Amino acid sequence: MRLSSRLLRRDQAPSGRTSSEKKVTMSIAESPVFTTLVPLHPAAYAELAARIDGVVTTPSDADWNTARLAWNLSADQRPDAVVAPLHAEDVRTTLLFAHDHQLRVVPQGTGHLASPLGDLAGSILLRTGGLLGIDIDTKELTVRVGAGVLWGDVTAALAERGLMALAGSSPDVGVVGYLLGGGISWFARSMGLATSHVTAIEAVSGDGRLLRATAEEEGELFYALRGGGGNYAVVTSITFRVFAVRDAYAGMMMFPMERADELLSAWERWTRELDESAMTCFRLMRVPDLPELPEFLRGQNLVIIDGVVAIEQAEDGDPTAPTGRTADAGRTADAEALLAPLRALGPFLDTFGVMPVSRLGELHMDPPGPVPGTGDGVNLDELPRAAIDALLGLTGPDAQTPLMVVDIRHIGGQLAVAAPDGGAVNRLHGRFLLFTGGMSPSPADAAVLHAAVAQVLEALAPWRAAADYLNFREVATPAERLYPVDTLARLRAAKRRYDPSGRIRSAHPLR
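These figures come from a predicted structure and were not determined experimentally.

Conventions adopted
- Residues numbered from 1 in each chain as written.
- Predicted model: local features only at pLDDT ≥ 70, side-chain atom pairs only at ≥ 80, totals over all residues.
- Heavy atoms only, no water.
- Helix = DSSP H or I, 4+ residues; strand = E, 2+ residues; numbered from the N terminus.
- Buried < 20%, exposed > 50% of the residue type's maximum accessible area, 1.4 Å probe, protein only.
- Axes fitted to C-alpha atoms, helices over the stretch in contact; angles between N-to-C directions.
- Left-handed = near helix turned anticlockwise from the far one by under 90°.
- Contact = heavy atoms within 4.5 Å.
- Nonpolar A, V, L, I, M, F, W, Y, C, P; charged D, E, K, R; others polar.
- Pairing = 2+ DSSP bridges.
- 1 Å grid on protein atoms, 1.4 Å probe; cavity = no way out; pocket = protein on both sides within 12 Å on 5 of 7 lines; lining within 4 Å.
- Points joined across faces, edges and corners; volume = space filled by probe spheres on them.
- Domains from an automatic or database assignment.
- Core = buried A, V, L, I, M, F, W, Y, C linked by side-chain atoms within 4.5 Å.
- Phe/Tyr/Trp six-rings, centres within 6.5 Å; stacked < 30°, edge-to-face > 60°.
- Lys NZ or Arg CZ within 6 Å of the ring centre and 35° of its normal.
- Polar contact = N/O pair within 3.5 Å; in protein donor to acceptor, adjacent residues only side chain to side chain.
- Parallel < 35°, antiparallel > 145°, perpendicular 65-115°, else oblique.

Chemist: When you look at the overall build of the protein in this model, what are you seeing that I'm missing?
Modeler: Within the protein, the regular secondary structure consists of twelve helices and 17 strands. The 511 residues of the protein split such that 57% are buried.

Chemist: Looking at this structure, I do not really get the packing of helix α8 (residues 260-271) against helix α10 (residues 385-395). What am I missing?
Modeler: Between two packed helices, both the angle of their axes relative to each other and the distance between the axes serve to describe the pair. Running from N to C, α8 and α10 cross one another at 145 degrees; their axes reach a closest spacing of 11 Å. Our pair here, α8 against α10, has a crossing hand that is right-handed. Every residue of α10 that contacts α8 at A260, D261, L264 and S265 is listed here: R385, I388, D389, L391 and L392. For the contact of α8 with α10, the class distribution of residues is five nonpolar, one polar and three charged.

Chemist: Sorry if this is basic, but what is going on with the sheet that holds strand β2 (residues 81-84) here?
Modeler: The pairing of strands in a sheet comes from backbone hydrogen bonds and takes either a parallel or an antiparallel form. The four strands are arranged β1-β2-β4-β3 in an open sheet whose pairing can be described as mixed. Looking along the sheet, the strands with just one partner apiece sit at the ends: β1 (55-57) and β3 (104-108). Within this sheet the neighbouring strands show an average axis-to-axis angle of 20 degrees, counted without direction. With three bridges joining them, β2 and strand β4 (residues 123-127) adopt parallel strand pairing.

Chemist: It is not clear to me how empty space enclosed by the protein should be interpreted in this structure. Could you clarify?
Modeler: Rolled over the atoms, a probe with the dimensions of a water molecule shows which regions are left empty. This structure, assessed with the given rule, holds two cavities of 30 Å³ or more. Here the largest cavity defines a volume of roughly 40 Å³. G168, S169, I184, S185, W186, M279, T280, C281 and R409 are the residues that line the largest cavity. Considering every element that reaches the lining of the largest cavity, the biggest residue donor is strand β11 (residues 278-286), with three residues. Counted by class, the lining of the largest cavity contains four nonpolar, four polar and one charged residues. Looking at which domains feed residues into the lining of the largest cavity, each of domain 2 (134-244) and domain 3 (247-313 + 325-479) supplies at least three. By volume, the second largest cavity amounts to about 40 Å³.

Chemist: Explain the nonpolar core to me, please; I cannot follow it from the model alone.
Modeler: Proteins that are soluble and globular tend to have nonpolar side chains buried together. Among the nonpolar cores identified, the biggest contains 98 residues, and W151, V175, F187, Y232, I238 and F240 are the most heavily contacted of them. Aside from chain neighbours lying at most four places away, what touches I238 is V143, R144, V145, V175, V176, L179, V198, A200 and I201. Within the second largest apolar cluster, 43 residues are counted, among which are I305, I311, V456 and W463.

Chemist: What is the right way to look at the packing of aromatic side chains in this model?
Modeler: The relative placement of two aromatic rings is captured by the distance of their centres and the angle of their planes. Counting across every chain of the model gives eight aromatic pairs. Taken together, a centroid distance of 5.3 Å and an interplanar angle of 85 degrees make the contact between W151 and Y178 edge-to-face. Residue W151 is located in helix α4 (residues 151-159), and its partner Y178 is located in helix α5 (residues 175-181); the two are separated by 27 residues in the primary sequence. Comparing W151 with Y178 shows no difference in burial state: the two are buried. Centroid distance W267 to F432: 5.7 Å. Interplanar angle 50 degrees. Geometry classified as tilted. With W267 in helix α8 and F432 in strand β17 (residues 432-439), this pair connects stretches of sequence that are 165 residues apart. On the basis of relative accessibility, which here comes to 0%, the residue F432 falls in the buried class. A cation sits over an aromatic face here: R226 above F222, 3.8 Å from the ring centre. A cation sits over an aromatic face here: R490 above Y223, 3.5 Å from the ring centre.

Chemist: Where do I start with the pairing of β2 in this structure?
Modeler: Both faces of the sheet carry side chains from a regular strand, because those side chains alternate between them. What you see with β2 is no split at all: A81 and V83 on one side and V82 and A84 on the other are buried throughout. By the bridge criterion, three bridges tie β1 to β2 in an arrangement that is antiparallel. Bridging from a neighbouring strand, T57 pairs with V82 of β2.

Chemist: What am I meant to see in the environment of R492 here?
Modeler: By the element assignment, R492 lies in helix α12 (residues 485-498). We classify R492 as partly exposed; its relative accessible area is 28%. Remark: the alpha-carbon pair of R492 and G228, spanning 264 residues in sequence, is separated by 9.9 Å. Contacts of R492, omitting those with residues within four sequence positions, involve A479, E480, L510 and R511. Engagement of the side chain of R492 in a polar contact is seen with the backbone oxygen of R511, the distance being 3.4 Å.

Chemist: Just checking my understanding: could you explain the packing of helix α1 (residues 42-51) against helix α3 (residues 88-100) for this structure?
Modeler: Interaxial distance between α1 and α3 falls to 10 Å at its minimum, and their mutual angle equals 155 degrees. If you check the angle between α1 and α3, you find them roughly antiparallel. For the pair α1 and α3, the crossing hand works out as right-handed. Across from A44, Y45, L48 and R51 in α1, the residues of α3 making contact are T93, T94 and F97. Here the residues of the contact of α1 with α3 sort into four nonpolar, two polar and one charged.

Chemist: Would you mind going over the sheet that holds strand β8 (residues 210-213) with me for this structure?
Modeler: Spatially, five strands are ordered β5-β6-β9-β7-β8 in an open sheet, and the strand pairing comes out antiparallel. Every interior strand has two partners, whereas the edge strands, β5 (134-137) and β8, have only one. The average undirected angle you get between the axes of adjacent strands in this sheet is 15 degrees. The pairing of β5 with strand β6 (residues 142-146) spans four bridges and is antiparallel. When the sheet's bridge partners are listed, I134 is paired in β6 with V145.

Here you go:
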């Protein structure tokens, strides 16, 4: 039997088979031992393919090398098989199959954070891109999305109703993966982590139970999945609050990198008393000389300060009505006054102005599709003169470095305040979040970049915060670097409760 002759299209719908047609009996041991086994015979995967509505792809299929790709093309993922489910029952059947054959299951939406996974031998890669659906409740101001939905899809659907979610900077990042790690939006300094606004999570636990987790039911799973990663269950859908916001004061300022020292020092001073309404990022960018880029950017070394200032929304009746609204001068004056010290630095390009929130995904100029990349990020308590010297000595205008980008996001504000009834990560440590990396089209390039990234992080070690942000750690990271001791103990208890066999494998395990 041929298991897969096509890629899973994002517009495929379930065939209509119900769970009653696929009864599976399960008996899971508390602590099975995972060993390196001879790969299963194709007939075993043929059996799985016959039991699900989704697609099973194995190394014998013509589209194997496409099916196993992560968004980060530098991650050479080689699982035993790839399963693309279409609904929660497919997920459950796959988990039970993995139990029967002593395989691990690696849930993956887009694969932005694929690099830390390492060797996937003995694993099924569970690609959740077919779990779609966006259901907006304009009365309750919530949206329920499937695990395969991308932020760009959600943002567009909400914008039609005058609503906004706390999306990240990249439209092609999966909603679920972003929320499982915490979620830093352009409004995070005033509204906190996106995961703190999650209200319900539907998932299949590692031991095969279909569960709905909220503050009232399966509370420990609800706690663990909000910032604790995907170690406990495979999320199939997630519900979160949205907001009646149409526009913001947003944009970027560009400067030549030769001014990096002056600019970083000035920006750091500016952030010390910054109003919580503003979220900005200081960037050192070595722009590649690519024909698809605008002429004035190609091959340039730049400092870019981009960001968003929340502005009061105009009162024009129903906040969710799909009519346009214009920001008046009174609503933008405060934002302009706040940004005045940066404008006084004399950027050669300044695009800040009123912008629909539906376009904020364009702001950070993240790659619009899969690329091969290598990088890593850490939280910093402070950025004093000595730290700036150390950073610019390795990445500044006079440095010979393969690093294409250094991003420094000013956090603090509501991100520093523990959210009431929040999840495993309900605040972030430190004042700054740093990420650095570059393109790595070959293993040799990746090795060079790994060394350069490690050198930067080592140089900044004296200013490291107590814990790092999970979604920005793109190398294998001890759990102790991600969670406080008491939080980690609670997460490990949740792992034992919801995945007693240790079936589910994530980018950042709790060991």
